[in-house]
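One-letter residues, chain by chain:
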Amino acid sequence: MITEWEVIIETRDQAELHIRLRDIREAGVDDSMIRIDTLCGRLALPATYRLSRFVTGPRWESERGDSAH
């Protein structure tokens, strides 16, 4: 079973972030399963925003890197 944060979007545009956030909420994703990270910028690079959702599901054999053969 995998449990991880799936990145939906990474952007420097706050308006784009809010649009995607609204979209996933309207799709029924619970707020407790949503994460917004602010990656702080420096002088040369502005801040970046990362929107992710928590996902769980079965893990494929090929993802684990092992084989049952």
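Since the model is a prediction, treat every value here as computed from it, not as a measurement. (Residues numbered from 1 in each chain as written. Predicted model: local features only at pLDDT ≥ 70, side-chain atom pairs only at ≥ 80, totals over all residues. Heavy atoms only, no water.)

Helix and strand counts for the chain stand at two helices and three strands. Helices and strands appear in the chain in the N-to-C order β-α-β-β-α. Residues classed as buried in the chain amount to 20% of the 69 residues present. Pairs at least 24 residues apart make up 61% of the contacts formed inside the chain by residues separated by at least 6 positions. As presented, the chain carries roughly 5400 Å² of accessible surface, and 51% of it is formed by carbon and sulfur atoms. (Helix = DSSP H or I, 4+ residues; strand = E, 2+ residues; numbered from the N terminus. Buried < 20%, exposed > 50% of the residue type's maximum accessible area, 1.4 Å probe, protein only. Contact = heavy atoms within 4.5 Å. Areas by Shrake-Rupley, 256 points an atom, 1.4 Å probe, with all protein chains shown as cover.)

This part takes up the sheet that holds strand β1 (residues 2-11). Taken together, the three strands give an open sheet; going across it, the order is β1-β3-β2, and neighbouring strands pair in antiparallel fashion. Strands at the two margins of the open sheet, each flanked by one partner only, are β1 and β2 (34-39). Going across the sheet, the axis of each strand differs from the next one's by a mean of 30°, ignoring polarity. Bridging between β1 and strand β3 (residues 48-57) involves nine bridges; their strand directions are antiparallel. (Pairing = 2+ DSSP bridges. Axes fitted to C-alpha atoms, helices over the stretch in contact; angles between N-to-C directions.)

A separate point is the pattern of salt bridges. As enumerated under the stated definition, the model contains six salt bridges in all. Residues Asp31 and Arg25 are paired through a salt bridge, measuring 2.8 Å at the closest nitrogen-oxygen approach. By relative accessible area, which is 46% here, Asp31 ends up partly exposed. Residue classification places Arg25 among the partly exposed positions, given a relative accessible area of 43%. A single network of salt bridges, built from pairs that share partners, joins Arg22, Asp23 and Glu26. (Salt bridge = Lys/Arg side-chain N within 4 Å of Asp/Glu carboxyl O.)

Attention now goes to the nonpolar core. One finds Ile9, Leu17, Leu21, Ile24, Val29, Ile34, Tyr49 and Leu51 forming the largest nonpolar core, which totals eight residues. Mapped onto this core, the elements with two or more residues apiece are α1 (14-26) and β3. Ranked by the residues each element gives to this core, the list is headed by α1, at three residues. (Core = buried A, V, L, I, M, F, W, Y, C linked by side-chain atoms within 4.5 Å.)

A few words now on the environment of Glu4. One can find Glu4 in strand β1. Looking at Glu4, the relative accessible area reads 40%, which means it is partly exposed. On a C-alpha basis, the gap between Glu4 and Val55 in space is 5.6 Å, while along the polypeptide they are 51 residues apart. For Glu4, the contacting residues outside a window of four places in its chain are Arg53, Phe54 and Val55.

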